[in-house]
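Coordinates in review
What follows is each chain in one-letter form.
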Amino acid sequence: MSDSPNQPLRKTDTYAQLSLDAASTPVKSNEPVVLSVEQLNVQIKQLIEGQLGMVWVRGELSNFKAHTSGHFYFSVKDSKSQITAVMFRGNNSRLKFKPSDGMEVMVRGRVTVYEPRGNYQLMVDMMEPVGAGALQKAFEQLKHKLRAEGLFDAAKKRPIPTFPRHIAIVTSPTGAAIRDILNVLSRRAKSIQVTIVPTIVQGEAAAPQLREAFKKAVALPDVDAVIVGRGGGSIEDMWCFNDEGLARLIAASPVPVISAVGHEIDFTIADFVADLRAPTPSAAAELVAKSSSELVNKVTSLERMLKLSFDRKMKFLREKSLGLSKRLVDPKRRLEDLELRNDDLLTRLELAVNRLISQKNHRVELMTQKLGTPQNHIDRRKKELTFLQARSEKALMFALERKKSRMDRMMAMLDSMSPLRVVERGYSIVTKDSKVIKSASQVKVGDNIDIRLAQGSLTATVSGVKEE
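Residues numbered from 1 in each chain as written. Predicted model: local features only at pLDDT ≥ 70, side-chain atom pairs only at ≥ 80, totals over all residues. Heavy atoms only, no water.

1. What about the nonpolar core?
- Membership of the largest hydrophobic core comes to 52 residues, with the highest contact counts inside it found for F74, M127, V170, F214, V226, F241 and I250.
- Setting aside its immediate chain neighbours within four residues, I250 contacts R158, F214, V257, A270, V273 and A274.
- The next biggest cluster of nonpolar side chains, apart from the first, holds 19 residues, and it includes A189, A225, A283 and A285. (Core = buried A, V, L, I, M, F, W, Y, C linked by side-chain atoms within 4.5 Å. Buried < 20%, exposed > 50% of the residue type's maximum accessible area, 1.4 Å probe, protein only. Contact = heavy atoms within 4.5 Å.)

This is the structure we're talking about:
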């Protein structure tokens with residue numbers, strides 16, 4: 001066979017028959033076999049799948065797409081190459097994390113050939129993130145999602161009642177956690193009513209049962225707080241407390257919730273959304289139930305502190321009263337002092353009033369001199385009025401003379417332009433039917449015309465017309 005896949009076929013080349021039947025006899029070298037595309041793809045598939053089998057591949061996810069059918073389609077690549085892959089719904093439903101582009105993973109699957117297109121791909125049945133387990137990756141993703149939604153905000157945390165009367169406990173009725181909680185409650189506060197809402201706390205069926213048990217717990221009448229928890233274990237054992245549905249139920253709970261899952265170093269999503277996290281189930285019981293002896297000691301301590309504070313206050317008031325009594329003088333002496341001060345103030349007031357009146361009188365005199373008498377004002381105004389009247393009459397006469405002179409000039413000008421002035425110089429005005437005759441074409445023989453002279457007028461009949 002030729003070394004180059006692009007080299008043209010020649011009849012002299014030797015071909016090995018690739019057939020579905022393994023027992024078939026090879027074809028002679030001088031008779032090439034022509035395969036259909038389907039036959040070639042089938043044989044390539046048989047070759048690849050028969051040789052490779054199940055493989056583990058490490059690389060980075062790219063072109064990730066979650067199809068509406070539930071299948072995952074993606075590529076696994078490194079710095080030099082990539083391979084397409086598919087993970088069917090039945091396999092990806094078991095993933096504990098959400099794959100995304102750029103995530104480094106290890107996948108297990110079979111290399112297959114998709115015959116209709118002639119493409120080979122990886123059929124993945126298992127996927128693990130590199131650098132962290134699948135459960136830890138899922139935990140971090142859900143934690144980031146709920147924190148972004150504000151479910152961890154401290155402002156939303158409600159205080160646990162100081163003296164609860166009814167507590168609901170959501171846990172396994174046979175585990176060590178419930179025994180520890182009941183032992184602490186019986187020792188510290190026997191009066192608290194306890195209701196156990198049983199559920200399994202481990203395994204795949206634990207999360208749905210936990211959610212139902214929690215709903216029953218918060219629906220109990222007069223319940224003051226709910227404890228949700230279990231003893232220690234691996235992350236897989238406690239995974240049901242990382243359920244998103246349970247986290248949202250705890251965040252929306254109408255009563256305060258205490259999360260008591262595992263040991264002090266164990267953290268779950270329930271710890272972050274609960275109103276209070278207890279490091280252990282026993283610590284949860286101690287937090288919710290105050291010890292009777294502790295309360296008695298605290299009351300005794302408060303009583304002692306109150307008595308000391310009262311004694312100090314009384315001592316302070318006695319000392320203050322003694323000091324005030326020393327400062328207190330004879331009331332008669334006090335009245336005499338006030339009378340003397342009153343006389344002094346009265347004298348100062350009289351002096352101030354007299355001084356003010358004197359200043360006002362002086363100012364009135366100055367203003368009177370400045371203003372003068374009303375008669376002086378009247379005489380001054382009469383003189384001004386007489387002056388203005390004479391001035392007005394003079395201005396009026398001057399204006400009339402000027403207007404009369406202008407009118408005479410205008411009348412003379414108008415008179416000079418009058419047609420009558422023209423007639424007085426020997427001319428006449430000829431009219432026919434009150435219209436001035438300017439052309440001989442306006443009259444004909446036999447027309448009556450009027451002639452205006454400087455003195456009087458004539459009526460004539462046209463006996464001839466001569467046009468120039």
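2. Details of the pairing of strand β6 (residues 166-171)
- Among the six residues in β6, six count as buried, and that is most of the element.
- Where burial is concerned, the two faces of β6 agree: the one with H166, A168 and V170 and the one with I167, I169 and T171 are both buried.
- In this structure, β6 lies alongside strand β7 (residues 193-198), joined through six bridges in parallel fashion. Pairing of I169 across the sheet is with I196, part of β7.
- Handedness of the crossover joining β6 and β7 through helix α4 (residues 176-188): right-handed.
- In this sheet, strand β8 (residues 225-230) lies alongside β6 in parallel orientation, the contact comprising four bridges. Note on β8: the bridge partner recorded for I169 is I227. (Helix = DSSP H or I, 4+ residues; strand = E, 2+ residues; numbered from the N terminus. Pairing = 2+ DSSP bridges. Right-handed = clockwise from strand over helix to strand, strands pointing away.)

3. Let's talk about unusual backbone geometry
- A positive phi angle is found at N63, which is not glycine, with a value near 55°.
- The phi torsion at D222 lies on the positive side, around 60°, for a residue other than glycine.
- Along the chain, D222 turns up in the loop between α5 (206-218) and β8.
- Using a relative accessible area of 67% as the deciding quantity, one classes D222 as exposed.

4. What to know about the packing of α5 against helix α6 (residues 244-251)
- Between α5 and α6, the least distance of the axes is 9 Å, while the angle of their chain directions is 15°. Our classification of the angle between α5 and α6 gives roughly parallel. The handedness of the crossing between α5 and α6 comes out as left-handed. Touching L210, R211, F214 and K215 of α5 are G245, L246, L249 and I250, all from α6.
- Of the residues contributing to the contact of α5 with α6, the split by class is five nonpolar, one polar and two charged. (Axes fitted to C-alpha atoms, helices over the stretch in contact; angles between N-to-C directions. Parallel < 35°, antiparallel > 145°, perpendicular 65-115°, else oblique. Left-handed = near helix turned anticlockwise from the far one by under 90°. Nonpolar A, V, L, I, M, F, W, Y, C, P; charged D, E, K, R; others polar.)

5. Things to note about the side chain of K143
- Counting through the fold element by element, K143 comes out in helix α3 (residues 134-148).
- For the buried K143, which has no salt bridge, the nearest side chain bearing the opposite charge is E140, at an N-O separation of 4.7 Å.
- The contacts of K143, once residues within four sequence positions are left out, are F152, I269 and F272. (Lys, Arg positive; Asp, Glu negative; His and termini not counted. Salt bridge = Lys/Arg side-chain N within 4 Å of Asp/Glu carboxyl O.)

6. Here's the deal with the pairing of strand β14 (residues 457-461)
- Where burial is concerned, little of β14 is hidden: zero out of the five residues are buried.
- As paired strands, strand β13 (residues 448-452) and β14 are joined by five bridges and run antiparallel to one another. The partner of I451 across the bridge, within β14, is L458.
- Two successive antiparallel strands, β13 and β14, enclose a turn made up of four residues, where G456 displays a positive phi of approximately 90°.

7. A word on helix α1 (residues 37-52)
- For α1, built from 16 residues, the straight-helix expectation of 22 Å at 1.5 Å per residue is met to within 8% by its first-to-last C-alpha distance of 22 Å.
- Taken residue by residue, α1 has N41, V42 and Q43 as its buried positions.
- Lining the buried residues of α1 we find β4 (104-114).
- Once α1 finishes, G53 follows within two positions and takes phi at roughly 70°, a positive value. (Expected span 1.5 Å × (residues − 1).)

8. Some remarks on the sheet that holds strand β9 (residues 257-261)
- Pairing in this open sheet of five strands is parallel, and the strands run β7-β6-β8-β9-β10 from one edge to the other. The open sheet is flanked by β7 and β10 (276-277), the only strands paired with a single partner.
- Here β8 pairs with β9 via five bridges, running parallel. Following the sheet pairing, R230 is matched in β9 by V261.
- Those strands touched by α4 are β6, β7 and β8, and its axis lies near 160° from that of β6.

9. Examining the pattern of salt bridges
- Enumeration according to the criterion identifies 13 salt bridges in this entry.
- In this structure, the salt-bridge partner of R108 is D125, at a minimum N-O distance of 3.2 Å. A residue pair is termed long-range when its members are at least 10 positions apart, and R108 in strand β4 and D125 in strand β5 (residues 119-129) qualify at 17 residues.
- One salt bridge in this structure joins R381 and E384, with 3.0 Å as the shortest N-O distance. Placement of both R381 and E384 in helix α11 (residues 374-416) is noted, with a separation of three residues, approximately one turn of the helix.
- A residue is classified by how much of its surface remains accessible, and R381, at 52% relative accessible area, is exposed.
- E384 sits in the partly exposed class, given a relative accessible area of 35%.

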